[in-house]
Amino acid sequence: MNTLEPILKVDNINKYYKNVQAVREVSFTLNRGDIFAFLGPNGAGKTTTLRILLDIIKADSGEIEWNISDKKGKYPNVNDIGYLPEERGLYIDVPVIKSLVYLASIRGANPKDAKKSAYEWLEKLDLLDRAKEKLQVLSKGNQQKIQFIASILHKPKFAILDEPFSGMDPINQEKFIDYIKEINNTGTTILLSSHQMQLVEKIANKVFLINDGKELYNGKLADIYHQYQSQLSLELKFVENYNEEDLLKTPDLLFIDKLNSQSCRLLFSETAQLTQVLQHLSKFSNITSINSYSMNLHDIFVKLIKEKK
Ligand code: ATP
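These lines cover the structure that appears in this document, whether it is placed above or below. Every chain is numbered on its own, with residues counted from 1 as its sequence reads. Thresholds applied to this predicted model are a pLDDT of at least 70 for local features of residues and 80 or more for the giving and counting of side-chain atom pairs; totals over whole chains, interfaces and linings are not thresholded and use all residues. Think of the side-chain values as coming from all heavy atoms in the structure, minus any hydrogens and water.

Things to note about the packing of helix H7 (residues 221-229) against helix H10 (residues 297-308)
Next, step 1: Following both chains from N to C, one finds H7 and H10 inclined at 70°, their axes separated by 11 Å at the closest point. Between H7 and H10, the angle falls in the class roughly perpendicular. By crossing handedness, the relation of H7 to H10 is classed as left-handed. Between H7 and H10, the residues in contact are Leu221, Ile224, Tyr225 and Tyr228 and Leu297, Ile300, Lys303, Leu304 and Glu307, respectively.
Next, step 2: When the residues that make up the contact of H7 with H10 are grouped by side-chain class, the tally is 7 nonpolar, no polar and 2 charged. For every element, the axis is a line fit to its C-alpha atoms; helices are fit only across the contacting stretch, and the angle between N-to-C directions ranges from 0 to 180 degrees. For helices the rule is a DSSP run of H or I covering at least 4 residues; for strands it is a run of E covering at least 2, with both sets numbered from the N terminus onward. Should an angle fall under 35 degrees it is taken as roughly parallel, and over 145 as roughly antiparallel, whereas 65 to 115 is taken as roughly perpendicular and any remaining angle as oblique. By convention the crossing between two helices is left-handed if the near helix lies anticlockwise of the far one by an angle smaller than a right angle, and right-handed if it lies clockwise. Contacts are assigned to residue pairs with any non-hydrogen atoms lying within 4.5 Å of each other. Put simply, Ala, Val, Leu, Ile, Met, Phe, Trp, Tyr, Cys and Pro go in the nonpolar bin, Asp, Glu, Lys and Arg in the charged bin, and everything else, Gly too, in the polar bin.

Structure representation (structure tokens):
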């Protein structure tokens, strides 16, 4: 195995469900050590793509090449993979610790080590006192935590996490960011899907923005910021409600992101000239402040959708 070769290559996959094309010509590559985030709204094609990678469903066309351990192939070795599915897949009427240890051992872990590690994770996730309870009595967020532990307890080389933050409160979401970083630091390559861009931009080094089954952007997070954050974007505040129709006449305006009735953000196309924009805005007597701001990943995503329309 050449460790410099990609750990996963996906080439031009397509998937139809009857007449719905869920995935369209999707290609991407992961290198060892990446945290690669698949980002897009509901129904964008994220889960379908992840299921294709794991051979849970078949693509209609396209190629996949895994290169995790000793031999390349279309399918990974199950022991090398950790999978956090979107729908919960654990035994609900078995004590938590029992199902965690069982699942890790059928994926190649030593049961004794798995038990020790399971207790460590349960403690970290504030669930130590629930170890002997059945999964079904736990809250949705706590079930998601258990599902996460189940997906990584056997120390997989590659983890696929489908919506890992689902059902979590904001504090736990932040903690999960750290746990994902932690397993990545111990050598697990991560492929995750989410629609929560503000969380993902804290950990991913590469992103694939997907909408309607199609790629909007595929590349390094640092590059997408570099490309888009230099473009003009302004935040405006008004004394009272602003007139959107007049604002829409601002030269090279791409779209208005309404923050509330008295403030909004304006995103411009690449050709926008600050002087021309300010000249137009100077006609609004009710503006109290104009500030430039750096687009976050969500803004960039919306901008890409508008640009491609
Ligand atoms: P979410 O964030 O809501 O989970 P997603 O990005 O994971 O969305 P998918 O679940 O992959 O999106 O769905 C992509 C498209 O394929 C959607 O239009 C969805 O309705 C459709 N789809 C998914 N699974 C099936 C199925 N089993 N049969 C028919 N259509 C399906």
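A word on a nonpolar patch on the surface
Next, step 1: The patches reported here contain residues having more than 30% relative accessible area and no salt bridge. Joining distances are 9 Å for like charges and 5 Å for nonpolar side chains (Val, Leu, Ile, Met, Phe, Trp, Tyr). Every accessible area reported is derived by Shrake-Rupley at a probe size of 1.4 Å, with residue values counting cover from the shown protein chains alone. Salt bridge, as used here, is a side-chain nitrogen of Lys or Arg placed within 4 Å of a carboxyl oxygen of Asp or Glu. There is a patch of nonpolar side chains on the surface, built from Tyr91, Tyr102 and Ile106 and spanning about 300 Å² of accessible area.
Next, step 2: Tracing the backbone through its elements, the reader meets Ile106 in helix H2 (residues 96-106).

Digging into the site of the ligand
Next, step 1: Residues are counted as near a molecule or strand when any one of their heavy atoms sits within 4 Å of it. Neighbouring the ligand are 13 residues, the closest being Gly43, Lys46, Thr47, Thr48 and Glu86.
Next, step 2: In the model, an oxygen atom of the ligand is placed 2.9 Å from a nitrogen or oxygen of the Lys46 side chain.
Next, step 3: The term polar contact refers here to a pair of N or O atoms within 3.5 Å; inside protein, the definition further demands a hydrogen-donor-capable atom paired with an acceptor-capable atom, and it admits residues adjacent in sequence only when both atoms are side-chain atoms. At 2.6 Å from an oxygen atom of the ligand is found a side-chain nitrogen or oxygen belonging to Glu86.
Next, step 4: Within the residue set of the shell around the ligand, elements represented by two or more residues are strand E2 (20-30) and helix H1 (46-53).
Next, step 5: The element that contributes the greatest number of residues to the shell around the ligand is H1, accounting for 3 residues.
Next, step 6: Within the shell around the ligand, the residues separate by chemical class into 5 nonpolar, 5 polar and 3 charged.

Description of the side chain of Thr49
Next, step 1: Within the secondary structure, Thr49 is located in helix H1.
Next, step 2: Partly exposed residues are those whose accessible area sits between 20% and 50% of the maximum for their type, while under 20% is buried and over 50% is exposed, using a 1.4 Å probe and protein chains only. Overall, Thr49 belongs to the buried group, its relative accessible area being 0%.
Next, step 3: Aside from chain neighbours lying at most four places away, what touches Thr49 is Ile13, Val23, Phe28 and Phe38.

Some points on unusual backbone geometry
Next, step 1: Positive phi is not limited to glycine here, since Glu163 has a value of about 50°.
Next, step 2: Mapping Glu163 onto the fold places it in the loop between strand E6 (158-162) and helix H5 (170-185).
Next, step 3: Phi at Asp212 is positive, roughly 55°, even though this residue is not glycine.
Next, step 4: Here Asp212 lies in the loop between strand E8 (206-211) and strand E9 (214-220).
Next, step 5: Judged by its relative accessible area of 43%, Asp212 falls in the partly exposed class.

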